[in-house]
Amino acid sequence: MKKILFLFLFTLTISSFSQKVAVEVNPTKYMNTISSKDLMKHLYIVASDSMEGRDTGSKGQKKAGEYLISQYKANKIPFPKGATSYSQKVPAAFLNAKRNENLHDSENIWAYIEGSEKPNEIIVISAHYDHVGIKNGEVYNGADDDGSGTVALLEIAQAFEIAKKEGHGPKRSILFLHMTGEEHGLLGSSFYSQNPLFPLANTITDINIDMIGRHDEFHNDSSNYVYLIGSDYLSTDLYNICEGANKKFVHIVLDYKFNDRKDPNRFYYRSDHYNFAKNGIPSVFLFNGVHVDYHKPTDKVDKIEFDALKKRAQLAFTIAWELANRENRPVVDKSGN
């Protein structure tokens, strides 16, 4: 009897130890699957002339969406539970309600990795895949805006899926959300926030990635930085998570220049995270700042700094990793104002 009790306690101890080790898995191996080579491969397709500038609802944007879906299928990352496909239709009536720009029906593109322990708690990682189309016969490729964020999502999702296959999947669920209509007024994220697949109350954070492939005039000496905007507006926890992930794994300069509420650029209100933040969801916006090719036909792939793009994508991945696996969701302890 004593022997049986000893074996039981020994087994229980080993099991508890194994569970503890699983919690503390170092994400560096998976972070390093995000490579400049793969980001480049994807971006030369997403921001090619054949995508015709990816204007909202255009044939080129739909072609880009098909490419994104093909990559999720290739990596065996499914569309979300409760959905019937990789697309959330955003009707033309919604897209044209405010400005009547004669936009056609469009789609948000989504993919999903279910959490192992807290599947009903959702982390959204977002980027918009639309741009401004063709003007005066010139294709506006939008390689940085926001081809860079679009391909970063593909690589981040692949990294999480590799971890899952090796038994280290996220405890919380992750929704990879490619938004349409950002350039016309944050329309895709507005539609999702009004028609969420998962209750907004269960969405613990949005990590939004919009322009992370270049440097701006304030960083001509080094691209080893990223602007973080909004991380501390609603949650001290989210700010600390972002800082901690960078210090442990990525080691780039976190610049809070545009996080100032008095900043005249008001970038906090100008990308898709805002439609989550205004609903009380802690959100952080990763951004490289504007440059001379912003919203010009010269925003092309050959100007992308792929090492900087890789590091910023890796930072987003490690922030998401910490959010997905920590014991508690970020506490909302601030008003957001």
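The structure presented is a predicted model; accordingly, all values stated were derived computationally and were not measured.

A.B. asks: Help me understand the overall build of the chain, please; the structure alone is not making it clear to me.
C.D. replies: A count of helical and extended segments in the chain gives ten helices and ten strands. Relative to the compact-globule value of 20 Å for 337 residues, the chain shows a C-alpha radius of gyration of 20 Å, a close match. In terms of overall dimensions, the chain has C-alpha extents of about 85 × 45 × 40 Å along its principal axes. When each of the 337 residues of the chain is scored for burial, the buried share is 56%. The contacts of the chain with a sequence gap of at least 6 include a subset with a gap of at least 24, amounting to 82%. Carbon and sulfur atoms form 53% of the exposed surface of the chain, whose accessible area is close to 14,800 Å². Each charge class in the chain was averaged separately, 40 positive and 42 negative side chains, and the resulting centres sit 6 Å apart.

A.B. asks: Would you mind showing me how to read helix α10 (residues 306-325) here?
C.D. replies: If you check α10, its first and last C-alpha atoms are 28 Å apart, about what 20 residues at 1.5 Å a residue would give, namely 28 Å. The buried count for α10 comes to 16 of 20 residues, which makes it a mostly enclosed element.

A.B. asks: How should I be thinking about the sheet that holds strand β3 (residues 118-128) in this particular structure?
C.D. replies: Across the sheet, which stays open at both edges, the eight strands sit in the order β1-β2-β6-β3-β7-β10-β8-β9 with mixed pairing between neighbours. Looking at which strands have only one partner, the edges of the open sheet turn out to be β1 (87-90) and β9 (253-255). Shown here is a sheet whose adjacent strand axes are inclined to one another by a mean of 25°, direction ignored. As paired strands, β1 and strand β2 (residues 106-113) are joined by four bridges and run antiparallel to one another. Residue pairing in the sheet places Ser 87 in a bridge with Ile 109 of β2. Across the sheet, helix α4 (residues 59-74) lies against β1, β2 and β6 (172-179), angled at about 10° from β2, the strand it touches most.

A.B. asks: Got a minute to help me understand helix α7 (residues 187-194) in this structure?
C.D. replies: One turn of an α-helix holds 3.6 residues; hence residues three or four places apart share an orientation. Burial within α7 is extensive, with seven of its eight residues counted as buried. By the burial criterion, the buried members of α7 are Leu 187, Gly 188, Ser 189, Ser 190, Phe 191, Tyr 192 and Ser 193. Considering only its buried residues, α7 is in contact with β1, α5 (92-95), β2, β6 and α9 (274-277).

A.B. asks: I tried to follow the environment of Phe 191 on my own but got confused; where do I start?
C.D. replies: Examined against the element boundaries, Phe 191 turns out to sit in helix α7. Residues Phe 191 and Arg 172 lie 19 residues apart in sequence; the distance between their C-alpha atoms is 24 Å. Setting aside its immediate chain neighbours within four residues, Phe 191 contacts Gln 88, Lys 89, Val 90, Pro 91 and Phe 94.

A.B. asks: Would you mind showing me how to read the packing of helix α3 (residues 36-46) against α10 here?
C.D. replies: Angle between the axes and distance between the axes are the two parameters that describe a pair of packed helices. It is at 9 Å that the axes of α3 and α10 come closest, and there the two elements cross at 105°. Between α3 and α10, the interaxial angle falls into the category roughly perpendicular. Of the residues in α10, those in contact with Ser 36, Leu 39, Met 40 and Leu 43 of α3 are Phe 306, Asp 307, Leu 309 and Lys 310.

A.B. asks: Would you take a moment to explain the pairing of β3 for this structure?
C.D. replies: Consecutive side chains of a regular strand alternate in pointing toward one face of the sheet and then the other. Within β3, eight of the eleven residues are buried, which leaves the element mostly enclosed by the surrounding structure. As defined by bridge partners, β3 adjoins β6 across eight bridges and the pair is classed as parallel. Residue pairing for β6: Ile 123 is matched across the bridge by Ile 174. Sheet analysis places β3 next to strand β7 (residues 203-209), joined by five bridges and oriented parallel. Residue pairing across strands places Ile 125 opposite Ile 207, the latter belonging to β7.

A.B. asks: Help me out: how do you make sense of the packing of helix α8 (residues 236-250) against α10 in this one?
C.D. replies: The contact between α8 and α10 brings their axes to 9 Å, and the two run at 125°. On the basis of the axis angle, α8 is oblique to α10. α8 and α10 meet at a crossing whose hand is right-handed. Here Leu 238, Ile 241, Cys 242, Ala 245, Asn 246, Lys 248, Phe 249 and Val 250 of α8 lie close against α10, whose contacting residues are Lys 311, Gln 314, Leu 315, Thr 318, Ile 319, Glu 322 and Leu 323. Partitioning the contact of α8 with α10 into residue classes produces nine nonpolar, three polar and three charged.

Reading guide: rules and limits
- Residues numbered from 1 in each chain as written.
- Predicted model: local features only at pLDDT ≥ 70, side-chain atom pairs only at ≥ 80, totals over all residues.
- Heavy atoms only, no water.
- Helix = DSSP H or I, 4+ residues; strand = E, 2+ residues; numbered from the N terminus.
- Rg over C-alpha atoms; globule rule 2.2 N^0.38 Å.
- Buried < 20%, exposed > 50% of the residue type's maximum accessible area, 1.4 Å probe, protein only.
- Contact = heavy atoms within 4.5 Å.
- Areas by Shrake-Rupley, 256 points an atom, 1.4 Å probe, with all protein chains shown as cover.
- Lys, Arg positive; Asp, Glu negative; His and termini not counted.
- Charge placed at Lys NZ, Arg CZ, Asp CG, Glu CD.
- Expected span 1.5 Å × (residues − 1).
- Pairing = 2+ DSSP bridges.
- Axes fitted to C-alpha atoms, helices over the stretch in contact; angles between N-to-C directions.
- Parallel < 35°, antiparallel > 145°, perpendicular 65-115°, else oblique.
- Left-handed = near helix turned anticlockwise from the far one by under 90°.
- Nonpolar A, V, L, I, M, F, W, Y, C, P; charged D, E, K, R; others polar.

Without other data, these values stay purely geometric and don't point to any function.
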